[in-house]
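Remarks on the overall topology
One-letter residues, chain by chain:
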Amino acid sequence: CKKPPTQDSSDEAKKWEATEEWMQGVKKKLPLQTLQCLIEYLNPQLEVLCVEKEVTDQQEVLRFLKATTLVGILPVPHPIVIRTYQASPYTAMWFTSYMWGVIFTRSQRM
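Here goes a summary of the coordinates provided. (Residues numbered from 1 in each chain as written. Predicted model: local features only at pLDDT ≥ 70, side-chain atom pairs only at ≥ 80, totals over all residues. Heavy atoms only, no water.)

**Here we look at the layout of surface pockets**
Within this model, the largest pocket holds a volume of roughly 170 Å³. Lining the largest pocket are Pro-31, Gln-33, Thr-34, Pro-75, Val-76, Pro-77 and His-78. Here the residues of the lining of the largest pocket are counted per class, giving four nonpolar, three polar and no charged. (1 Å grid on protein atoms, 1.4 Å probe; cavity = no way out; pocket = protein on both sides within 12 Å on 5 of 7 lines; lining within 4 Å. Points joined across faces, edges and corners; volume = space filled by probe spheres on them. Nonpolar A, V, L, I, M, F, W, Y, C, P; charged D, E, K, R; others polar.)

**Remarks on the packing of aromatic side chains**
Per the counting criterion, the structure on display carries two aromatic pairs. Here Trp-16 and Trp-22 contribute two aromatic rings whose centre-to-centre distance is 5.0 Å and whose plane-to-plane angle is 80°, an arrangement assigned as edge-to-face. Residue classification places Trp-16 among the exposed positions, given a relative accessible area of 57%. The exposure class assigned to Trp-22 is partly exposed, which follows from its relative accessible area of 40%. For the pair Trp-94 and Tyr-98, a centre-to-centre distance of 5.4 Å together with 10° between the ring planes defines the contact as stacked. Of this pair, Trp-94 and Tyr-98 both sit in helix 5 (residues 89-109), four residues apart, which is roughly one turn of the helix. (Phe/Tyr/Trp six-rings, centres within 6.5 Å; stacked < 30°, edge-to-face > 60°. Buried < 20%, exposed > 50% of the residue type's maximum accessible area, 1.4 Å probe, protein only. Helix = DSSP H or I, 4+ residues; strand = E, 2+ residues; numbered from the N terminus.)

Pasting the structure below:
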């Protein structure tokens with residue numbers, strides 16, 4: 001039976017650890033506004049449900065969440081942007097490759 005290899009101190013020094021500075025940078029890039037809005041809206045309601053009605057069952061909380069509407073609470077999503085096709089050498093090359101691939105695979109079925 002082989003023993004697992006032990007890590008020496010040089011491997012320990014190379015091990016990456018999250019720093020506060022790194023975490024702040026990551027937080028700035030994450031789109032957390034929607035989740036924060038959701039938590040701020042639902043947290044007081046869930047606390048009332050759990051404390052006043054003495055709910056401890058997870059299924060009861062899930063039933064409450066399913067019955068709760070978030071219309072008007074969450075931010076309005078961005079409109080879908082429709083872009084027209086603009087030909088370029090790259091899209092023409094992709095389309096040509098795709099069409100030849102389709103022709104080849106269909107010819108294999110015959």
